[in-house]
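Inside the fold
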Amino acid sequence: MGAAGQRRGLFRCIILVCLEQVAAQIKYSIAEEVKVGTVVGNVARDLGLDVSTLAERRFRIVSGAEEAQFEVNVNNGVLFVRKTVNREELCESVSPCLVNLKFVAENPMEIHHVSVEILDINDNSPTFQEEEFIFEIPESTLPGRRFQLPIAHDPDVVTNAVRVYKLNTNEYFSTEIRERADDKVPFLVLQKSLDREKYTEHRLILSAVDGGNPPKSGSLNITLKVLDSNDNHPTFTQDVYSVTLSENVNPDKSIIQVEATDLDDGLNGEIEYYFGGQLDSKIYEMFSLDKNTGEISVKGQIDFEKADVYKLDIRATDKGQPPMSTDCRVIIKIVDENDNQPEIDVTSLSKTVAEDSKPGTVIALISITDKDVGLNGKVICRLSKNVPFELKPSFQDNMYSLVLKDRLDRELVADYDITITATDCGQPPLSTFKILHVDVSDVNDNIPTFTQSPIELYLLENNVPGKSIFSVTAFDKDLNENAALTYQINREGRQGKMSTFLNINPENGEISALKCFDFETLKSFQFQVVATDGGSPPLSSNVTVKVFILDQNDNAPVILYPVSSNGSAEGVEEIPRNLKAGDLVTKVRAYDADIGYNGWLLFSLQQVSDHSLFSLDRYTGQIRTLRSFTETDEAEHRLLILVKDNGNVSLSATATVTVKLVEPKEAFAASDVKSAAKEDEEDNVTFYLIITLGSVSLLFVISIIVLIAMQCSKSTEYTSKYLQDANYDGTLCHSIQYRSGEKRYMLVGPRMSIGSTVVPGSHANTLVLPDRRHTSGEVRQTCFFTLINAYNRHEVQPQDFGVKVQFDPH
């Protein structure tokens, strides 16, 4: 209890010191219309504030005119003009014109009040409401008679207002000035008797001159028409009438009745009343005048806050010829009523309060205003219940500080809606309320969390580089910057190699690929995405993204046989006429780099000269005879074969096979001729083969991606090439055979057939096959898988794919 009492005592001392600090008030003066940027005064110096701490303490103006006319420089404490100041717009005719400014400095909280008096300069000329004033005057008017003239209006005040009226030089008239309340009213005085037979009218110029230096003036053209008779003018019982009127009275309420008399008889003595002088147009909207009785009544809505006094000029005119008139002034003072609710102005220092803020922290400055005066403008302010805040009154009426009363706990309450109620002391009292929303900020104690971990992504190959392929999302239970997440790809370690081909939007986690992925070279890979919040210190977490490349049908079938010397899929097969039904004529070989249905090839016979002679196996591409040949069959037949895959949008290729029927002995001789021709072409084939293998090896080194090269060979047997190939097992057997002397060589494709063997100690580079050229049995065409499997096990390198295959003579 003793410690608590000491703290309360210390707190009271601090409040008293603050009250002494905020009690300071300074008054400056500055002329209107000065340039923007003009220095008004050094507020910090005059208030005794440390200039070096102004920015840190957020020294600023928090209230003043409706539109900010001034601004303070926190670097040097100088108050300067921010916007051109027009005294007439700010204060109209009020003098002196004061602009009250309120300055606030924090840590500790200080409130200072500064008044700036706007000094009037002579920037307006006097003006008359009309350019010409015409009235009639009887010639019997005696010298010395006065006639009231229109008043000139000058928005400037004090010495710069209208000071004198001057009349152009003439022998009949002069001017006289009378003061009525705060106004100077000019009168035209007749100096000499008029003679209508000599002058029927007189033209004069009235000049209104203000008291500025140099003075400014305005003029009015006056035309006086000289008439006869009616030599008495009306006279009011008072020159000035004064009356009070409560605001918000009902229309048609009678205010006052003015009265004038005329000594003349008949029409010359009958009087009518009118609004005279240069009255504001609003006067005609607010009041009405009975021209016969002189009674003034309420016409519009009377509001004390808009005007607290009205000045009316009433003119009484008789009905004589010419009519004669006189003027008086009616002053109506408005009495205030409690008809305005208080207005609450909240200046929030911060919309967010830290969870660990201490009691006594200032949250906002509250200013209460009421347009009414007296007790009607005195306001009592209070807060809603069950909130950890309280109001601290300022030395100035209707000024409060909203401060923290108790400790905050964001886990219990994340925000508060504080209701501020203001009630005036009028009868009946009027009140208003305003809700101030305050958020409680959190500390960074939660790490980002991904909605799924790990993430599996299935991506079709041939994606568009630079286009989004996926997005990751994480969430953080914290608030604001503590929950603002940024994403990045972890490019370190072995998984970071593939991340060089990826890019991520750090704001939304959208991942885009920088390259086009090819299923035939890359099947899958994985990388890590790291999510980091914006707290201090930041917290982060990561997730592994596993990417699986899906195959597309993007490779068309390639014809491996038949292939002509110019590269086209055309070939000529010579077969003996003695072939039986079902014998093998030849086989169309093709491969497709895709897999599954995209790489499953089907063969179809598109064109054939005789449908009864040949058949085509749709799965193996084997062309066989349907019947034995007769003497009447043509000696040459052309077959067009279509090879297509089974993709959703199938791709295809065509091959043309020309079959020539020859006698058995001619077929054997032709076979020997072909062998000799192929030996001559051996060198060219070898040269092209070397170029092909070199290109494939270079592609492997540059992209570091596995490329499975599939090539097939066709077994060229001179004595048994037309026999059945009973053990061939599919359509994707890819090999190319060629012969050099007594040896044959084979470039191995992606498959090997059953029965092929690898010579021990050859490092899987040499395959040995039994030589069956001298046997009458069937020749077996083989497909090789062994080398590809060895490559997948990393037992061979891409440059080792140039495999030499030899026949074993035994």
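Keep in mind the model is a prediction, meaning the values are calculated, not measured.

**Focus on the overall build of the protein chain**
Counting its secondary structure elements, the protein chain contains seven helices and 54 strands. Considering the protein chain as a whole, with its 810 residues, one finds that 45% of them fall into the buried category. Within the protein chain, residue pairs in contact and separated by at least 24 positions form 68% of the contacts whose partners lie at least 6 positions apart. Of the roughly 43,000 Å² that the protein chain leaves accessible, carbon and sulfur atoms contribute 50%.

**A look at the sheet that holds strand β38 (residues 510–513)**
Taken in spatial order, the three strands line up as β34-β38-β37 in an open sheet, and their pairing is antiparallel. Lying at the two open borders of the sheet, with one neighbouring strand each, are β34 (468–471) and β37 (502–504). Averaged over all pairs of adjacent strands, the angle between strand axes in this sheet comes to 30°, irrespective of strand direction.

**Some details on the sheet that holds strand β5 (residues 78–81)**
Read across the open sheet, the three strands follow the order β2-β5-β4; overall the sheet is antiparallel. In the strand order of this sheet, the two ends are held by β2 (39–42) and β4 (70–73), each with one partner. Here the strands of the sheet are splayed against their neighbours by 25° on average, with no regard to which way each runs. Across three bridges, the pairing between β2 and β5 is antiparallel. By the bridge assignment, N42 is partnered in β5 with V78.

**As for the nonpolar core**
Judged by nonpolar contacts, the single largest core of 29 residues is most densely connected at F287, L312, I314 and I332. For this core, the elements supplying multiple residues, two or more each, are β16 (240–246), β17 (254–257), β19 (271–275), α4 (281–286), β20 (287–289), β21 (295–298), β22 (309–318) and β23 (325–335).

**Quick notes on the environment of D252**
As for its position among the elements, D252 is in the loop between β16 and β17. Taking the relative accessible area as the measure of exposure, D252 reaches 66% and is therefore exposed. Along the sequence, D252 and V298 sit 46 residues apart, while their C-alpha atoms lie 5.0 Å from each other. Apart from residues no more than four positions distant in its own chain, D252 is found in contact with S297 and V298.

**Focus on the packing of aromatic side chains**
Each aromatic ring pair is specified by the distance between its two centres and by the angle formed by the two planes. Inspection of the entire model under this criterion finds 14 aromatic pairs. Measuring from centroid to centroid gives 6.2 Å for F236 and Y273, while their planes differ by 50°, and the two rings are tilted. Of this pair, F236 sits in strand β15 (residues 235–236) while Y273 is found in strand β19, placing the two residues 37 residues apart along the sequence. Y273 carries the same exposure label as F236, and that label is buried.

**A short note on the confidence of the model for the protein chain**
Counting all residues, the mean pLDDT for the protein chain is 78, and 79% of those residues have values of 70 or more. Below a pLDDT of 50 lies the segment residues 1–24, which in the model reaches 20 contacts outside its immediate sequence neighbourhood of four places, other chains included. Counted against residues more than four places away or in other chains, residues 711–810, with its pLDDT under 50, gives 217 contacts.

**Regarding the side chain of D424**
Note that D424 resides in strand β30 (residues 415–424). The buried charged residue D424 lacks any salt bridge, with R382 as its nearest oppositely charged partner at 10 Å. A distance of 3.4 Å separates the side chain of D424 from the side chain of N338, its partner in a polar contact. Among the polar contacts listed, one links the side chain of D424 to the backbone nitrogen of L430, at a separation of 2.7 Å. Discounting chain neighbours no more than four positions away, the residues touching D424 are N338, N340, P342, D370, N376, K378, V379, P429 and L430.

**Here's the deal with unusual backbone geometry**
Geometrically, the link from N107 to P108 is a cis peptide bond, its omega value of 0° lying close to zero. When you line up the elements, P108 lands in the loop between β6 (97–105) and β7 (110–119). The phi dihedral of E33 is positive, around 65°, even though this residue is not glycine. Relative to the elements of secondary structure, E33 occurs in the loop between β1 (25–31) and β2. One non-glycine residue, D252, adopts positive backbone phi at about 75°.

**With respect to the environment of G294**
By the secondary structure assignment, G294 is in the loop between β20 and β21. Overall, G294 belongs to the buried group, its relative accessible area being 0%. Those residues within four positions of G294 in sequence are excluded, and the remaining contacts are I256, Q257, V258, Y273 and L289.

**A word on the pattern of salt bridges**
Scanning all chains against the criterion turns up 20 salt bridges. E71 serves as the salt-bridge partner of R82, at 3.5 Å between the closest nitrogen and oxygen. Separated by 11 residues along the polypeptide, R82 in the loop between β5 and α3 (87–91) and E71 in strand β4 bring together distant segments of the chain. A residue is classified by how much of its surface remains accessible, and E71, at 35% relative accessible area, is partly exposed.

**Notes on the state of the cysteines**
The final tally for this structure, using the stated rule, is one disulfide. A sulfur-sulfur distance of 1.8 Å marks the disulfide that ties C91 to C97. Because the torsion about its S-S bond is 65°, the bridge between C91 and C97 counts as right-handed. Comparing C91 with C97 shows no difference in burial state: the two are buried.

**As for the environment of A414**
Mapped onto the elements of the fold, A414 is located in the loop between β29 (399–404) and β30. Take A414: its relative accessible area is 35%, and that puts it in the partly exposed class. Those residues within four positions of A414 in sequence are excluded, and the remaining contacts are D439 and V440.

Reading the values: rules and limits
Residues numbered from 1 in each chain as written. Predicted model: local features only at pLDDT ≥ 70, side-chain atom pairs only at ≥ 80, totals over all residues. Heavy atoms only, no water. Helix = DSSP H or I, 4+ residues; strand = E, 2+ residues; numbered from the N terminus. Buried < 20%, exposed > 50% of the residue type's maximum accessible area, 1.4 Å probe, protein only. Contact = heavy atoms within 4.5 Å. Areas by Shrake-Rupley, 256 points an atom, 1.4 Å probe, with all protein chains shown as cover. Pairing = 2+ DSSP bridges. Axes fitted to C-alpha atoms, helices over the stretch in contact; angles between N-to-C directions. Core = buried A, V, L, I, M, F, W, Y, C linked by side-chain atoms within 4.5 Å. Phe/Tyr/Trp six-rings, centres within 6.5 Å; stacked < 30°, edge-to-face > 60°. pLDDT = per-residue confidence, 0-100. Lys, Arg positive; Asp, Glu negative; His and termini not counted. Salt bridge = Lys/Arg side-chain N within 4 Å of Asp/Glu carboxyl O. Polar contact = N/O pair within 3.5 Å; in protein donor to acceptor, adjacent residues only side chain to side chain. Disulfide = S-S within 2.5 Å.

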